[in-house]
Amino acid sequence: MDHALAWTLGVGVALAVVAIVVALCCVLLRRRRPCAQWPVVPPKTSLVSSTFALKTMTTTAGEVRQYWLSMPTTCSSTGLAPVVFYFHGTTKNPPSPSTMFDSLADSHVLVAPVGLTNADGAYSWNVKDGVDCNSQADDIAFVANLLDSLASAGGADMRRVVATGFSVGSAFVARLSATPTLSAKFLGFAPLSGRVGSTASGSTALESLTSNASVFATVGALDKLIPWKGGPSSMDCYDLASHYEYLAACVENLAGPSMALSLTEAAHEACVEGIATSKTDYCETQWADGARKVRGVVFGGTAHTPVSDSVSTWLAAQPGAPANRQVAAVQYLLEWLLRRSARQLS
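Attention in this report is confined to the structure presented alongside it.

Topic: the overall build of the protein
- Regarding its fold elements, the protein presents 8 helices and 11 strands.
- Scored against the burial criterion, the 346 residues of the protein give a buried share of 51%.
- Look at the contacts in the protein between residues 6 or more apart in sequence, and 70% of them connect residues 24 or more apart.
- Accessible area for the protein stands at about 15300 Å²; split by element, carbon and sulfur atoms hold 59% of it.

Okay, structure coming up:
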């Protein structure tokens, strides 16, 4: 009887352990289950981020376009993953996505569109129609078609789409934010070291936010290609609005002319001039109203690059920011925008 009882108890304990393990596995799978509906990404070359595959599409404008796509290996309990668009800067070589996005690849849909060439043979973006130094492609139709393709494929959370870009790609992000037919489809814009708020020569129209979204813009205090004060750019054929003007216009479009950034334009200018050559200082101005927020950072000692030594100082003051400053300029601000988006949706 004792042996039988012991055997029965042993079997009962073993079954209980198995049940607990199975239950835990089910919970984990529900939280981060494989996104089986998404295609398997084939191997890529070692020259680009290992998470992306190059794809081709023909747009409604009749253009054959290419884009890099990375699909996550796991997703949330909803089966959907947020979407991040990245628009490259002007380059003579065929653009490829940076490895700094690899940290987001596991749980985000990453899209890196490829611009067409301008008159100089450099891959670029159509920041303003009719401006000779830009690509003359219909990039607005391209992005619209990419959004439709992602929505029809399934698996992408089309309520949580953000866009970022560098240099001329940043200027195109500003154009997206100012295009009513597209801006409403994005919940965040992050122009990095670019021609934010660019204006065509002789025009007073400022490109800025036309939807209920958040903005996070950065620029270098020593950037001579894209001066933070605005005006003529050494690499462009049109004038630029200043970094502050773009942020202020976004706030005005979101909340009206009575709202203002945390720094006045004069205070912002004094701050940037004071830290311009410092590689450990930065100037930040912002405005917030619940889930909506406009935020701008000028990094001291920084030329035309999204990464600088002063990023480390700035990161130290940001809750939950990554320790690696090499990915901070993209990873932190995109995750910040997505957190803002989640609050706005709730």
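Regarding helix 3 (residues 168-177)
- Helix 3 sits mainly inside the fold: 10 of its 10 residues count as buried.
- Residues of helix 3 that are buried include every one of Val168, Gly169, Ser170, Ala171, Phe172, Val173, Ala174, Arg175, Leu176 and Ser177, and no others.
- On its buried side, helix 3 packs onto strand 3 (81-87), helix 2 (139-153), strand 5 (156-166), helix 4 (180-183), strand 6 (188-192) and helix 5 (243-255).

A closer look at unusual backbone geometry
- Notably, Ser167 is not glycine yet its phi reads approximately 60 degrees, a positive angle.
- Tracing the chain through its elements places Ser167 in the loop between strand 5 and helix 3.

Points about the pattern of salt bridges
- What the rule picks out here adds up to 6 salt bridges.
- The partner of Arg65 in a salt bridge is Glu63, and the shortest N-O contact between them spans 3.2 Å. Comparing Arg65 with Glu63, the two get one shared label, buried.
- Shared partners join several salt bridges into a network, and the residues in it are Glu63, Arg65 and Asp139.

Points about the sheet that holds strand 1 (residues 53-58)
- Strand order in the open sheet made by the 9 strands is 1-2-4-3-5-6-7-11-10, with mixed pairing throughout. At either margin of the open sheet sits one strand with a lone partner, and together these are strand 1 and strand 10 (282-289). Averaged over neighbouring strand pairs, the angle between their axes works out to 15 degrees when direction is ignored.
- Sheet topology places strand 6 next to strand 7 (residues 214-220); 3 bridges connect them, and they run parallel.

Let's talk about the environment of Ser211
- Within the secondary structure, Ser211 sits in the loop between strand 6 and strand 7.
- For the pair Ser211 and Cys250, spaced 39 residues apart in sequence, the C-alpha separation works out to 9.3 Å.
- Non-local contacts of Ser211, meaning those with residues more than four positions away in its chain, are made with Ser183, Ala184, Phe186, Phe189 and Leu254.

Section: the side chain of Ser70
- Tracing the backbone shows Ser70 in strand 2 (residues 64-70).
- The contacts of Ser70, once residues within four sequence positions are left out, are Thr51, Phe52, Ala105, His108, Val109 and Leu110.

So, the state of the cysteines
- Summed over all chains, the structure comprises 1 disulfide.
- Disulfide pairing is shown between Cys271 and Cys283; the S-S distance is 1.9 Å. Measuring the twist about the S-S bond at about -100 degrees, one finds the Cys271-Cys283 disulfide to be left-handed. Of this pair, Cys271 sits in helix 6 (residues 265-275) while Cys283 sits in strand 10; the two residues are 12 residues apart in sequence, bridging distant segments of the chain.

What about the environment of Ser214?
- Checked against the element boundaries, Ser214 lands in strand 7.
- A distance of 3.2 Å separates a polar atom in the side chain of Ser214 from the backbone nitrogen of Lys293.

Details of the nonpolar core
- Core analysis: the largest hydrophobic core is formed by 44 residues, its most contacted members being Phe85, Phe87, Val109, Val111, Leu176, Phe186 and Phe189.
- If you list the elements that add at least two residues to this core, you get strand 2, strand 3, strand 4 (109-113), helix 2, strand 5, helix 3, strand 7 and helix 5.
- Take this core: its biggest share by element is 7 residues, from helix 2.
- If you look at the next biggest cluster of nonpolar residues, it comprises 13 residues, including Phe52, Tyr86, Ala112 and Phe166.

A few points about the pairing of strand 3
- In terms of burial, strand 3 is a largely internal element, 7 of the 7 residues being buried.
- Bridge count between strand 3 and strand 4: 3 bridges; the pairing is parallel. Pairing of Val83 across the sheet is with Val109, part of strand 4.

What counts, and where the lines are drawn
- Residues numbered from 1 in each chain as written.
- Predicted model: local features only at pLDDT ≥ 70, side-chain atom pairs only at ≥ 80, totals over all residues.
- Heavy atoms only, no water.
- Helix = DSSP H or I, 4+ residues; strand = E, 2+ residues; numbered from the N terminus.
- Buried < 20%, exposed > 50% of the residue type's maximum accessible area, 1.4 Å probe, protein only.
- Contact = heavy atoms within 4.5 Å.
- Areas by Shrake-Rupley, 256 points an atom, 1.4 Å probe, with all protein chains shown as cover.
- Salt bridge = Lys/Arg side-chain N within 4 Å of Asp/Glu carboxyl O.
- Pairing = 2+ DSSP bridges.
- Axes fitted to C-alpha atoms, helices over the stretch in contact; angles between N-to-C directions.
- Disulfide = S-S within 2.5 Å.
- Polar contact = N/O pair within 3.5 Å; in protein donor to acceptor, adjacent residues only side chain to side chain.
- Core = buried A, V, L, I, M, F, W, Y, C linked by side-chain atoms within 4.5 Å.

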